[in-house]
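The residues making up each chain are set out below.
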Amino acid sequence: MAITRANAVKLWIKRQATDATDTAVNILGGAVPSDGTESDYLIVGRATSLSLSTDLETVDATTKDNDGAQRTITTGVNWSISVDGFKDASITDADGSANANAIDAEDLFKAMTSRYVVDIAWSTGAASAPLYTGKGVLTSFEESAEVNQLVTFSMNIESSGPLTVGTVGSENFEDIG
C-alpha cells in the first residue's frame, strides 16, 4: 500500500492542557476557549518522523524455590513518543493560508518549559482507524541548525498515565491541508 496523507500516522495534542497546579491552560497561549474548541486535537505541524515506544517494566522475583528458573513479575507500562520535524513559524494549509490550529516547535518548547501535561492522540485520523490516546509530559526539546539546511527540532513526550487504544470516532482532529 502506498503511503498517502490519508494513511500516514500523525500526532495531535489537545488544545487544553493542565499546568503544574492542575489549572486548565491553552497550549497555544491566551485564555482557554469555551466555545467547544478546547477539546480539539491540534496537529503537530511540520513533523517529519514520529516514533511510539512502549515498555513493560519487570522485576526479577527468582527465589531458591524456583529451582534456578527465573521468575519475572510485571510492575508497570511506560510509553513515549519521539517527534522530529522542521522548525517553521509559518505552518500553512495546502492553499497557502495560515493554519492557526497547528502546534509548532515554539508551542512545544513553551509547553515543555511550562511543565504542561498534555493529551496526545496518535493515528492516521481516518474514520475507524486505530487511535492511541494518553496524557504525557514533554521531557526534551532540541533544535538543530546546519549550513544550507532547514532548522529542525526533536522532542520527546513521556507517559503520565496509561496509553489507551480505541478507534477514531467523534474527536475533532485539526489537520494541515
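See above for the structure.
This one's a predicted model, so the numbers in the text were calculated from it and none came from an experiment.

Undergrad: Describe the pattern of salt bridges, naming the residues involved and giving the relevant values.
TA: Enumeration according to the criterion identifies 1 salt bridge in this entry. Lys135 is the partner of Asp119 in a salt bridge, and the nearest nitrogen-oxygen pair spans 3.0 Å. Placement of Asp119 in strand β8 (residues 117–123) and of Lys135 in strand β9 (residues 130–144) is noted, with a sequence separation of 16 residues between them. Overall, the relative accessible area of 15% leaves Asp119 in the buried class. For Lys135, a relative accessible area of 39% puts it in the partly exposed group.

Undergrad: Explain the environment of Gly45 to me, and be specific about the residues and the numbers.
TA: Along the chain, Gly45 turns up in the loop between β4 (41–44) and β5 (47–60). Using a relative accessible area of 2% as the deciding quantity, one classes Gly45 as buried.

Undergrad: Summarise the nonpolar core; cite the residues concerned and give the values.
TA: Core analysis: the biggest nonpolar cluster contains 24 residues, and Ile13, Leu108 and Ile157 have the highest contact counts within it. Mapped by element, the contributors of at least two residues to this core are β1 (10–14), β4, β6 (72–86), α1 (105–113), β8, β9 and β10 (152–159). Ile43, Ala129, Leu131 and Val168 belong to the second largest nonpolar core, which has 8 residues in total.

Undergrad: Go over the side chain of Asp119, please, and point to the residues and values.
TA: Within the structure, Asp119 has its side chain in polar contact with the side chain of Lys135 (distance 3.0 Å). Once you skip the residues sitting within four places of it in the chain, Asp119 turns out to touch Trp12, Ile13, Lys14, Gln16, Tyr41, Gly134 and Lys135.

Undergrad: Before we move on, can you summarise the pairing of β4 with the specific residues and values?
TA: When β1 meets β4, the two strands line up antiparallel, connected through 3 bridges. Bridge pairing links Ile13 to Leu42 in β4. Pairing analysis gives 2 bridges linking β4 to strand β7 (residues 102–103), with the strands arranged parallel. Of the residues in β7, the one forming a bridge with Ile43 is Ala102.

Procedures and definitions
Residues numbered from 1 in each chain as written. Predicted model: local features only at pLDDT ≥ 70, side-chain atom pairs only at ≥ 80, totals over all residues. Heavy atoms only, no water. Salt bridge = Lys/Arg side-chain N within 4 Å of Asp/Glu carboxyl O. Helix = DSSP H or I, 4+ residues; strand = E, 2+ residues; numbered from the N terminus. Buried < 20%, exposed > 50% of the residue type's maximum accessible area, 1.4 Å probe, protein only. Core = buried A, V, L, I, M, F, W, Y, C linked by side-chain atoms within 4.5 Å. Polar contact = N/O pair within 3.5 Å; in protein donor to acceptor, adjacent residues only side chain to side chain. Contact = heavy atoms within 4.5 Å. Pairing = 2+ DSSP bridges.

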